[in-house]
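# Structural features, examined
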Amino acid sequence: MAAKKAAKKPNVSGETLTKYYREMLLIRRFEEKAGQLYGMGLIGGFCHLYIGQEAVVVGLEAAAEEGDKRITSYRDHGHMLACGMEANGVMAELTGREGGYSKGKGGSMHMFSKEKHFYGGHGIVGAQVPLGAGLAFADKYKGNGRVTFTYFGDGAANQGQVYETFNMAALWDLPVIFVIENNQYAMGTSQKRSTSSPDIYTRGAAFGIPGETVDGMDVLAVKEAGDKAVMHCRSGKGPYILEVKTYRYRGHSMSDPAKYRTREEVQRVREERDPIERVREMLLTGKHASEDDLKAIDKEIKAIVNESAEFAKTSPEPALEELWTDIYADAHPAAEV
């Protein structure tokens, strides 16, 4: 699980550290609440939690600018919250309610926000990668200077369409950052057993795509690597690959008992590398915040999450007529175009 460490820690203000802490804590508390609601039978279907991986999206969103796009797989709640989507709407969608981002019809794996340029979690492994390149192609065509963050996991990195996309993105110099969220396990198979190369980002070399590996449990290291990748893409140099080595504490989905790894392994990562605890320690040792300050933040975050759960429970289920909406796009007759 070794990953490159940042050569030196950036000089980050207490205000910025507090912002990262708050955003990561929101994701964690939200996911814990989602797990509870799933256990109560209020969330149906599949539900993949992001606990442990919070530093990845928080660090990369800190490197993004207004108008940049993001697209990911089914482990997507953290990405939604990090890009500014409201907890109420996300939780309502998880519970299949009308107040959700996809009107209760998408569930955990399929919700979108045009306003926040979030183009979905996607349930088919690796399918979002060519879609992400397509979003970047549109921006390249428009010449608007925007970048697309295309997230996928270490398991999806073995899918053929990923490499077809690498080839096209390199040929067309697309402004896309391929973010490999390497959480060490492709469903239940460790990376060592499923992937022939120790580092996955190096596979981009065959297409002339540069990249690097970064410690995904360190939000500052992720932000620094994200800035570098964004600068590369915005300057017209084409795609970039970031392999962010992180770790998920829960099973692949809520139905996964995770017997393919030991409890000791998970506990060791929690104790030694937890991304939120790392920032918490920096805030305290740097005297940017007191224990009481951090308790107040935790209380505030819990209130937001509890409110989202109540909103989801009280939001009505979608009407039956919603089965027929959003199926086809309106199109003008050819004569009027």
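Please refer to the structure higher up on the page.
Now for a look at the structure at hand. Remember, it's a predicted structure, so these values are computed and weren't measured experimentally.

Moving on: the overall build of the chain. Of regular secondary structure, the chain possesses eleven helices and seven strands. For 337 residues, the compact-globule estimate of 2.2 N^0.38 gives 20 Å, and the C-alpha radius of gyration of the chain, at 20 Å, lies within 12% of that figure. Here the chain holds 337 residues, and the buried ones make up 53% of them. Carbon and sulfur atoms make up 53% of the accessible area of the chain, which amounts to about 16200 Å² in all. Counting 43 positive and 47 negative side-chain charges, the chain places the centres of these two groups 5 Å from one another.

Grouped together as the largest cluster of nonpolar side chains are 67 residues, with contacts concentrated most on Phe149 and Ile177. In contact with Phe149, other than residues within four places in its own chain, are Leu60, Ala64, Asp68, Lys69, Arg70, Ile71, Ile177, Val179 and Val230. Counting residues in each nonpolar core, the second largest holds 18 residues, with Ala169, Val176, Phe178 and Ile241 among its members.

Moving on, we get to the environment of Asn158. With respect to the helices and strands, the residue Asn158 is situated in the loop between strand 2 (148-153) and helix 6 (160-171). Judged by its relative accessible area of 34%, Asn158 falls in the partly exposed class. Sequence separation between Asn158 and Gly126 is 32 residues; the distance between their C-alpha atoms is 8.7 Å. With sequence-adjacent residues up to four places away left out, Asn158 is seen in contact with Ser194, Thr195 and Arg203. At 2.9 Å, the side chain of Asn158 forms a polar contact with the side chain of Arg203.

Structurally, the position occupied by Ser113 is in the loop between helix 4 (87-94) and helix 5 (128-142). Residue contacts for Ser113: discarding those within four places in its chain leaves Met85, Tyr101 and Phe118.

So, about the sheet that holds strand 7 (residues 240-245). The strand order 1-2-3-7-6 describes an open sheet built from five strands, whose pairing is parallel. The open sheet has two edge strands, strand 1 (69-71) and strand 6 (211-215), and neither has a second partner. For this sheet, the mean angle separating the axes of adjacent strands, direction not counted, is 20 degrees. The sheet contact formed by strand 3 (residues 176-182) and strand 7 spans six bridges and is parallel. From the neighbouring strand, Ile180 faces strand 7, where its bridge partner is Glu243. In the packing of helix 2 (residues 54-61) onto the sheet, contacts are made with strand 1, strand 2, strand 3 and strand 7, and the angle to strand 2 comes to roughly 170 degrees. Where helix 8 (residues 219-234) meets the sheet, it contacts strand 2, strand 3, strand 6 and strand 7, and its direction lies at approximately 170 degrees from that of strand 7.

Our next topic: the pairing of strand 7. With six of its six residues buried, strand 7 lies for the most part within the structure. Of the two faces of strand 7, the one carrying Tyr240, Leu242 and Val244 and the one carrying Ile241, Glu243 and Lys245 are both buried. In this sheet, strand 7 lies alongside strand 6 in parallel orientation, the contact comprising five bridges. Counted as the bridge partner of Glu212 is Leu242 from strand 7. What joins strand 6 to strand 7 is helix 8, and the crossover it makes is right-handed.

What counts, and at which threshold
- Residues numbered from 1 in each chain as written.
- Predicted model: local features only at pLDDT ≥ 70, side-chain atom pairs only at ≥ 80, totals over all residues.
- Heavy atoms only, no water.
- Helix = DSSP H or I, 4+ residues; strand = E, 2+ residues; numbered from the N terminus.
- Rg over C-alpha atoms; globule rule 2.2 N^0.38 Å.
- Buried < 20%, exposed > 50% of the residue type's maximum accessible area, 1.4 Å probe, protein only.
- Areas by Shrake-Rupley, 256 points an atom, 1.4 Å probe, with all protein chains shown as cover.
- Lys, Arg positive; Asp, Glu negative; His and termini not counted.
- Charge placed at Lys NZ, Arg CZ, Asp CG, Glu CD.
- Core = buried A, V, L, I, M, F, W, Y, C linked by side-chain atoms within 4.5 Å.
- Contact = heavy atoms within 4.5 Å.
- Polar contact = N/O pair within 3.5 Å; in protein donor to acceptor, adjacent residues only side chain to side chain.
- Pairing = 2+ DSSP bridges.
- Axes fitted to C-alpha atoms, helices over the stretch in contact; angles between N-to-C directions.
- Right-handed = clockwise from strand over helix to strand, strands pointing away.

Interpretation in functional terms is not warranted from these geometric data alone.
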